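What follows is the residue order along each chain.
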Amino acid sequence: MAAVEKSSVDKMSSSMTSSITGMGLGGITGLATALNALSCHCEQQITIGGMPTNYVPGLSANYNISSFCQRPGQTRRWPMQRAGPTAQFRVGRSPSTGLQRRLKYSPRNSPNTQYSHTLICKLADQNERRRRQDAMELISQSFYSQLPLKVELTEFYSRDNSKEHHTELYDLVNDNVFPNPVLRRGQKFLFAVRFDRISDKQLDIIHVVLCCGPKPSVTKGTRIVLPVQWVSPPTIFHHPRDVIGSGIGMSVGLPRMQCDVSTITTTAVGTTASMSPVSSVRETNNYNVRRSSFGNDPPTVQPSPLSPHGAVDRPILNATPSAYGRSQQGSVQNLTPSIPESEKWDISIHRQDGNTITFQVTIPPTAPVGLWNCWIQTSRLGQRDNRHDYKCDEDIYIIFNPWSREDTVYMENEESRKEYVLNDQGKLWCGTWQQPIGRKWIFGQFDDVVLPAATYLLERSGLEHSDRGNPVRICRAISSMINANSDDDGLMVGRYDGEYKDGVAPHAWTGSVAILERFLTDGGRPVEYGQCWVFSGLVVTICRALGIPCRSVTNYVSAQDTNGTFTVDKFFDKEGNLVPNGPDEDCYDSCWSFHAWNDVWMQRPDLPQGYGGWQIIDATPQEEADAVFQCGPASLEAVRRGEVGFNYDTAFVYSELNSQLCHFQEEDDSDWGFIKMASNQQQVGRKIVTKNPNIEDEEGDSDLLEITQEYKPTNGSAPDRLSVIASSRGFQRLQQSHESNQSDDDVTFDLMDIETVPYGQPFDCSMNIQNKSTEDRTILCILTASSCYYTGAITSRLRRAQGEFIVRAGQREILKLHVTSQEYMDKLVDHSMIKIHAMAYVKQTRQAWSEEDDFPLHKPKLQIQTRGPLTVGQDGTLVFSFQNPLTVHLTDCYFSFEGPGIQRPRQARFRDVKPGELVTYQDKVLPRREGDIHVVATFSSRQIDEIFGSAVINVKG
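What counts as what
Residues numbered from 1 in each chain as written. Predicted model: local features only at pLDDT ≥ 70, side-chain atom pairs only at ≥ 80, totals over all residues. Heavy atoms only, no water. Helix = DSSP H or I, 4+ residues; strand = E, 2+ residues; numbered from the N terminus. Buried < 20%, exposed > 50% of the residue type's maximum accessible area, 1.4 Å probe, protein only. Contact = heavy atoms within 4.5 Å. Areas by Shrake-Rupley, 256 points an atom, 1.4 Å probe, with all protein chains shown as cover. Phe/Tyr/Trp six-rings, centres within 6.5 Å; stacked < 30°, edge-to-face > 60°. Lys NZ or Arg CZ within 6 Å of the ring centre and 35° of its normal. Pairing = 2+ DSSP bridges. Axes fitted to C-alpha atoms, helices over the stretch in contact; angles between N-to-C directions. Lys, Arg positive; Asp, Glu negative; His and termini not counted. Salt bridge = Lys/Arg side-chain N within 4 Å of Asp/Glu carboxyl O. Polar contact = N/O pair within 3.5 Å; in protein donor to acceptor, adjacent residues only side chain to side chain.

J.: Explain the overall build of the chain to me, please; I cannot follow it from the model alone.
T.: Within the chain, the secondary structure is distributed over 15 helices and 43 strands. Going through the 957 residues of the chain one by one, you find that 52% of them count as buried. At a minimum sequence separation of 6, the contacts of the chain that also span at least 24 residues come to 71%. Entry remark: accessible area of the chain is about 43,200 Å², with carbon and sulfur atoms responsible for 48%.

As structure tokens, then:
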């Protein structure tokens, strides 16, 4: 802009001179007007060193070129005499008399009068142009541009930055249309800004402002103001090519480093640190010396901050909230003076090419995670109100960094990071403790819907943006926002009664991406339906997407203690029938066949030393905590030690693992109407498993890793249950609240384990009885087989055997119950779970015994294959097949399948299936990336569901 104005000044002055010399005296009449127009280009009075920029040496401030512009015959304009006491007049002489005398002897009528008048006008004009040129050369060219810098284009180098930040797998980064940067805190990133002109380091002020949330605040750390300032040794700055505006676009990659560079350091906000404009002309710090040398000789080094500078590389900037100097726009002077250097935001100049500046920004390891916006604020020195704000189009996602030692989620082992942060598929364990069943699950944390959905869920959680740098608070918010049972603000509705007609059955999902995409597509309406293992898979997806190491954990025989007694209480009448909700109808305890939750890895600075590492969070709504269905994070080490007083919800998690299973039977002779039956105290928390990070098993379950020893001591060092319960209630000791059977147990009972039962086949359940006494015993036995949900709720009784018989002294008896497929086929529910419950009562000794066990019916595997090899960018075919195990038709059939890089989540309807038919289904796919791709699929129908399978498909490049 300055160059344009200078050019216009030269052209106007030249045209004025031409009109004077070519048109004669008649063309001079408009000279005054033209000169006034000339002066309009520099209307504002600007000073440097106290000297006005339009000052012309040798001429007074009242210099007026129009005084020389006079037509022949006109009265020459003389300055008017001053009025007042200092005015002097000669006696007998008036001003008009003097004028007449001067006109009488004036050489106006001489033949040279016209020429001399034209000459003086031309010479005066040329003199003024030279003085203006001198003034412009004394001042930097950009000084004439009174407007702030304007941003024309920004480039965040999403793909290049992602390599250093371990985020190159995110689809948002690799988007071909509009990539968004995904950055890990505790690291540096580069971004470039192209301005409308070359910046004047002396007068242009640049601030990079990063904002998080709807009301960003400097004091809360959600509005970061980074001033760009300059201090460097003087040298020559040569104009390099503008890498942004050179016609090759802005996404060509990071600028290459120059070999010969100088370091530029910045100062605090209030310090007046400036640089001269970019120029290849040598210049001194003396305003009286004109820039006239264009030689190749090296310039004399001057200590002046006005000297030009060399190419920039990696300046050191102390532009953090606590390091700011005097207050400027948006500065945060002296707000947090005790912040360590490693926890401060930082900005520096990585490179400058013409009007393009590449900045390097350091994100502190404590920065709030989530969605950030970047603003470029530009202004001129001394013109605070004249500011230009530019909002960058890119959404910046800042996430946790388990690669940074300063981050509280730091995980040292590289193999663990690959599994718990970068692995986008895994297994969720269902089934029972004796027959675990692993379900392949596509976490898909790198899909382009995951980070936006996670960010939106955090917004809905109500968690303050200033608290989002704390993984403890983040994980607690996640545990509350995955479920939507208490309100409409969560991600997914849980349902356990088998009625899924108005939504999608939990077992039909193959991964998290389809759920999150439906959530976004429906405007944030909760998705229907899910169960604990689906919730666990979603937590893994969101935590890993946010950079928090996470794993899914399954606790087999998991207690839900609803009244804080650390027991799971069940009541039976005299006939052995379950009394729902207890005799007072206020007991809702249950024991789940399995329950899936999550472990997240982080330090716990809010707890004593030694309680960091894996922390337990549970997104399945079971009990309210602080009036919200949420659980955790509870330190795994605290749970193992029985330290139930530590935050958060440690007592509840401890009860899930260590509660006592108590069965009570109605008894007339009891003081309170019931007696406690013998039970296995170690039954709750029988086995705790997760996926083995070192094994991948698509066909079987060899990749199961048991971690029970991490949750429960196995060497006899377990804390006393009663002491733990007393501690949770604030007592030193806990008294027994009910009577227990104190008789000698001389008869032993054992419920036999059931081997694997294929779906559609009959099975037998057996109970062994051994009389160890020297007398005969009369025993009442009840053996029941029922269909149940995995939560332990009974749906239908399949068969029941009851009888009273005598067992001779020292003898053994076996009680069997046979169940056919016709008896259970139309009564099964989710997971095809069967519950076996056995009860016995010895009349002579009042010995009571009760035990229960669950097992699943095993369904056929869904096979996944390809028809020929798959190649990136070429159509391929996936083939799904299985054998119908039933002797009935299957109706309302559909397949669900997905494979990251091959096929996004898809559901395809299928025809009815004949009894015993070998089902085969084919579908076209278009691979988008090469390598080994995990494909997961399920088949569902009205008669049978949860037929699932997975395979690893190799795609060639």
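There's more to say after this.
J.: Would you explain the side chain of threonine 791 in this entry?
T.: Tracing the backbone through its elements, the reader meets threonine 791 in the loop between strand 31 (777–788) and strand 32 (794–807). The contact partners of threonine 791, leaving out residues within four places of it in the chain, are Tyr496, Ser590, Cys591 and Trp592.

J.: What is the right way to look at the packing of aromatic side chains in this model?
T.: Two numbers describe a pair of aromatic rings. These are the distance of the centres and the angle of the planes. According to the stated counting rule, one finds 30 aromatic pairs in the structure shown. Ring centres of phenylalanine 749 and tryptophan 849 lie 5.1 Å apart, and the angle between their planes is 20°; on these two criteria the pair is classed as stacked. Here phenylalanine 749, found in strand 28 (residues 747–751), pairs with tryptophan 849, found in strand 35 (residues 847–858); they are 100 residues apart in sequence, far enough to count as distant. We classify phenylalanine 749 as buried; its relative accessible area is 10%. With a centroid separation of 4.6 Å and an interplanar angle of 45°, the aromatic rings of phenylalanine 882 and phenylalanine 939 are classed as tilted. Here the residue phenylalanine 882 occupies a position in strand 38 (residues 876–883), and phenylalanine 939 occupies one in strand 42 (residues 931–940), the gap between them amounting to 57 residues. Residue classification places phenylalanine 882 among the buried positions, given a relative accessible area of 2%. By relative accessible area, which is 0% here, phenylalanine 939 ends up buried. Here the aromatic residues Phe880, Phe882, Phe895, Phe897, Phe910, Tyr921 and Phe939 are joined through ring pairs into a cluster of three or more. Over the face of the ring belonging to phenylalanine 948 we find arginine 439, whose NZ or CZ atom lies 4.5 Å from the ring centre.

J.: Mind showing me how you'd approach the pairing of strand 14 (residues 436–442) here?
T.: Successive residues of a regular strand alternate their side chains across the two faces of the sheet. In terms of burial, strand 14 is largely enclosed, as six of its seven residues are buried. Bridge count between strand 13 (residues 425–431) and strand 14: seven bridges; the pairing is antiparallel. When the sheet's bridge partners are listed, glycine 426 is paired in strand 14 with tryptophan 441. Hairpin geometry of strand 13 and strand 14 is characterised by an intervening segment of four residues between the two adjacent antiparallel strands.

J.: Sorry if this is basic, but what is going on with the sheet that holds strand 36 (residues 863–866) here?
T.: Across a sheet, paired strands are connected by hydrogen bonds in the backbone, their directions being either parallel or antiparallel. Pairing within the open sheet is antiparallel, and its three strands lie in the order 36-38-41. Of all strands in the sheet, those bounded by a partner on one side alone are strand 36 and strand 41 (918–925). On average, adjacent strands in this sheet sit at an angle of 20° to one another, irrespective of strand direction. Where strand 36 and strand 38 come together, four bridges link them in antiparallel fashion. Across the sheet, glutamine 863 pairs through a bridge with serine 881, a residue of strand 38.

J.: I keep staring at the environment of alanine 484 and nothing clicks. Help me out?
T.: Structurally, alanine 484 is set in the loop between helix 8 (471–481) and strand 15 (492–494). When its relative accessible area of 6% is taken as the criterion, alanine 484 is described as buried. Between the alpha carbons of alanine 484 and alanine 619 there is a distance of 10.0 Å; along the sequence they are 135 residues apart. Leave out the neighbours within four places in its chain, and alanine 484 touches Gly490, Leu491, Met492, Val493 and Pro526.

J.: Would you mind showing me how to read the side chain of aspartate 697 here?
T.: Along the chain, aspartate 697 falls in the loop between strand 26 (687–691) and strand 27 (704–706). We note that aspartate 697 is buried and unpaired, the nearest opposite charge coming from lysine 427 at a distance of 5.3 Å. In terms of polar contacts, aspartate 697 uses its side chain to reach the backbone amide nitrogen of aspartate 701, at 3.4 Å. Within the local environment of aspartate 697, its side chain forms a polar contact with the side chain of serine 702, the two groups lying 2.6 Å apart. Apart from residues lying up to four places away in sequence, aspartate 697 is in contact with Lys427, Ser702 and Asp703.

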